[in-house]
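Here are the chains, one letter per residue:
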Amino acid sequence: MRKNRFDGMSWPLMISAFPKSAPFPIAAYHRILSPDFPEFINKYARLPILQRLSGIGLLCGTDWTPLYRNRFYYSRLDHSIGVALILWHFTHDRAETLAGLLHDVSTPVFSHVADFRNGDALTQESTENENESMLRNDDALYAMLKSDGISVDAVADYHVYPLADNKLPRLSADRLEYMFPSGAALEGSWTISDIAEVYGDISICTNEDGETELGFRTQKIAESYCEKICRTGHILQLNENKLALKLLSDIVDRAVKVGLIAEKDCYEKTEEEIIARFDEACENAQIGNVAGESLHGAAFNNSPAAALQKEFIKLWRTFRTMTRIEHTEYAMCGHFCVSLDVKLRYIDPLVIEGDTESVRDARRLSCVSKKSAELIEDFLLWRDTKYGCAAYADKNG
């Protein structure tokens, strides 16, 4: 039986496999995605509905725990601009480009942590539900679109554009964009020159359903891309990542319940502001509710509210100090333990076969490359231990 290649790819190995390099130049990366950087993208990006995304990280709150070694911060606004640039580069269609730019406006702080709060770890799409209504009810956006002769209908749902979004494991502008900075930040697997080589090989192809889809002209480059994406996807299905996001989702739930933050703060405040509030609450060992009342003196009595406060502090201190977890087949006493399935993020791209230049002759990489087919099979079959467990920072809390 063939050994699964992901068996030895542990968390410490994955986050340190590539040497640290110079800081990731986001502006230079965006110029690769579209050397022609139209000003209208910046004009819309300055709208408040998009500017708030500058304070929300792409990597789901993992920038704030020492369990990770994220190499740089990349915001949801950076991601949105990147998606828009890819769509502009390949289509030069303003409406489609803006639909890509606006596709994440409903993302709350800590990004997909909200999906874990909503019980949607497997598809991680629950935060998309409010996106269209937010766009349709934003007066500043409506006025700008009207002045440019673009209807809200044309930008309200990026799913209607196959190049912008499609089903896994197909390659879309959204998926193409977020996997570059994710791999670069999590493990350093993408350099600017790597991205330039891969991106320069991409063309618009026609897939098996007759829809347009991004694909590769060169099989060797497609194979290399597939391998790197599966590496990043492996990181995202390790118990460390599952635990970090579930732990943070429980922390946010408790913070709302004790009144440290309100639900609307998840859509109005930056992650840095939320983090500062949580840190201060733990330092002061007291929590004020939304109305500004403090729970002094009796904060640590035996009331249900006091128990919830102590639980919040214990979880938050764990998140802020954990550097490793245990991989086990059982839940461990004195630990925060997680056992769940999450979305598997990988891409089986189209590749143009042989010497033909016809985009209609593109096929799935797994159909033409045995190496990539086995890689994808290993990725889909691999499973971590049943539980991931992190020791509580406050065992006496």
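Keep in mind that this is a model prediction, so the values were computed, not measured.

J.: Before we move on, could you go through the packing of aromatic side chains and cite the residues and values that matter?
T.: As enumerated under the stated definition, the model contains 17 aromatic pairs in all. Consider the rings of Phe-24 and Tyr-29, whose centres lie 5.5 Å apart with planes at 55°: the pair is tilted. As far as burial versus exposure is concerned, Phe-24 and Tyr-29 are alike and both buried. Here the aromatic cluster, defined as three or more aromatic residues joined through ring pairs, consists of Phe-24, Tyr-29, Phe-72, Tyr-74, Phe-180, Trp-190, Phe-216 and Tyr-225.

J.: So what about the sheet that holds strand β7 (residues 387-391)? Which residues, and what values?
T.: Two pairing modes exist for strands in a sheet, parallel and antiparallel, and in both the strands are linked by backbone hydrogen bonds. Taken together, the 3 strands give an open sheet; going across it, the order is β3-β7-β4, and neighbouring strands pair in antiparallel fashion. Unpaired on one side and paired on the other, β3 (326-328) and β4 (335-338) mark the two borders of the sheet. Across the sheet, the mean angle separating the axes of adjacent strands is 25° when strand polarity is ignored. Strands β3, β4 and β7 of the sheet are contacted by helix α13 (residues 239-257), whose axis makes an angle of about 110° with β4.

J.: Can you break down the state of the cysteines residue by residue, with the values?
T.: This model, assessed by the stated rule, comprises 1 disulfide. In this model Cys-337 forms its disulfide with Cys-389; the gap between the sulfur atoms is 2.4 Å. Taking the sign of the S-S torsion, about 115° here, the bridge from Cys-337 to Cys-389 comes out right-handed. Taken together, the positions of Cys-337 in strand β4 and Cys-389 in strand β7 put the pair 52 residues apart, joining distant regions of the chain. Free cysteine: Cys-205, not disulfide-bonded; nearest cysteine sulfur from Cys-367 at 14 Å. Of the cysteine sulfurs around Cys-367, a residue in no disulfide, the closest is that of Cys-226, at 12 Å.

J.: If you had to explain the packing of helix α5 (residues 76-91) against helix α10 (residues 173-186) to someone new, which residues and values would you point to?
T.: Look at α5 against α10: their axes get within 9 Å of each other, and the N-to-C directions meet at 130°. Our classification of the angle between α5 and α10 gives oblique. As for the relative orientation of α5 and α10, their crossing is right-handed in sense. Here Asp-78, His-79, Gly-82, Val-83, Ile-86 and Leu-87 of α5 come into contact with α10, specifically with Ala-173, Asp-174, Leu-176, Glu-177 and Tyr-178. Its residues assigned to classes, the contact of α5 with α10 shows 6 nonpolar, 2 polar and 3 charged.

J.: Talk me through the sheet that holds strand β2 (residues 212-216); I want residue IDs and the actual numbers.
T.: Overall, mixed pairing links the 4 strands, which are arranged β1-β2-β5-β6 in an open sheet. Each edge of the open sheet carries a strand with a single partner, namely β1 (202-206) and β6 (362-364). Sheet twist, expressed as the average angle between the axes of neighbouring strands with direction ignored, equals 50°. Note that β2 and strand β5 (residues 350-352) share 2 bridges and pair parallel. The residue bridging Phe-216 from the neighbouring strand is Val-351, located in β5.

J.: Go over helix α18 (residues 370-381) with me, naming the residues and quoting the values.
T.: Given 3.6 residues per helical turn, the α-helix brings residues three or four places apart onto the same face. Over its 12 residues, α18 runs 16 Å from end to end, which matches the ideal 16 Å to within 8%, given 1.5 Å per residue. For α18, the set of buried residues is Ser-372, Leu-375, Ile-376, Asp-378 and Phe-379. Relative to the axis of α18, the buried residues are bounded by an arc of 160° and lie together on one face. Seen from the open side of α18, the exposed residues pointing more than 90 degrees away from its buried face are Lys-370 and Leu-381. The inward-facing, buried residues of α18 contact α12 (219-237) and α17 (365-368).

J.: Break down the side chain of Arg-231 for me, with residues and values.
T.: Mapped onto the fold, Arg-231 is located in helix α12. Only 2.9 Å separates the side chain of Arg-231 from the side chain of Glu-187, close enough to count as a polar contact. If we skip the residues at most four places from it in the chain, Arg-231 touches Met-9, Met-14, Ala-17, Phe-18 and Glu-187.

J.: Which residues make up the side chain of Arg-52, and what are the values?
T.: Note on placement: Arg-52 falls in the loop between α4 (48-51) and α5. The charged side chain of Arg-52 is buried without a salt bridge, its nearest counter-charge being Asp-104 at 8.8 Å. Here Val-105 takes part through its backbone oxygen, which lies 2.8 Å from a polar atom of the side chain of Arg-52. Apart from residues no more than four positions distant in its own chain, Arg-52 is found in contact with Val-105, Ser-106, Thr-107, Pro-108, Cys-266 and Tyr-267.

So, how was this worked out
- Here the residue numbering is sequential within each chain, running from 1 through the sequence in written order.
- Per-residue local features are limited, in this predicted model, to residues with pLDDT of at least 70; the limit for side-chain atom pairs, both in listing and counting, is 80 or more; totals at the level of whole chains, interfaces and linings are taken over all residues.
- In computing side-chain properties, one takes all heavy atoms of the structure into account and sets aside hydrogens as well as water.
- Planes of paired rings set the category: under 30 degrees apart is stacked, over 60 is edge-to-face and the rest tilted, where pairs are Phe, Tyr or Trp rings (Trp by its six-membered ring) whose centres lie within 6.5 Å.
- Between buried and exposed lies partly exposed: a residue is buried under 20% and exposed over 50% of the maximum accessible area for its type, with that area taken using a 1.4 Å probe on protein chains only.
- Should DSSP find at least two bridges between two strands, the strands are regarded as paired.
- A helix here means a DSSP run of H or I that spans at least four residues, while a strand means a run of E at least two residues long, and both kinds are numbered starting from the N terminus.
- A fitted line through C-alpha atoms serves as each axis, taken over the contacting stretch for helices, and the angle formed by two N-to-C directions is quoted from 0 to 180°.
- What makes two residues a contact is simply this: any of their non-hydrogen atoms within 4.5 Å.
- Defined by distance alone, a disulfide is two cysteine sulfur atoms within 2.5 Å.
- With respect to orientation, any angle under 35 degrees is reported as roughly parallel, any angle over 145 as roughly antiparallel, any angle of 65 to 115 as roughly perpendicular, and every other angle as oblique.
- Here a crossing is taken to be left-handed if its near helix is turned anticlockwise relative to the far helix by less than a right angle, and right-handed if that turn runs clockwise.
- Any residue that is not Ala, Val, Leu, Ile, Met, Phe, Trp, Tyr, Cys, Pro, Asp, Glu, Lys or Arg is counted as polar, Gly included; the first ten are nonpolar and the last four charged.
- By definition here, a helix of n residues has an expected span of 1.5 Å times n minus one.
- Taking the helix axis as origin, the arc is that swept by the directions to the C-beta atoms.
- Nitrogen and oxygen atoms within 3.5 Å of one another constitute a polar contact, given that in protein one can donate a hydrogen and the other can accept it, and given that sequence-neighbouring residues count only through two side-chain atoms.
- We score Asp and Glu as negative and Lys and Arg as positive, and we do not count His or the chain ends.
- Salt-bridge detection follows one rule: a side-chain nitrogen of Lys or Arg within 4 Å of a carboxyl oxygen of Asp or Glu.

Remember that the coordinates give geometry; whether it matters functionally is a separate question.
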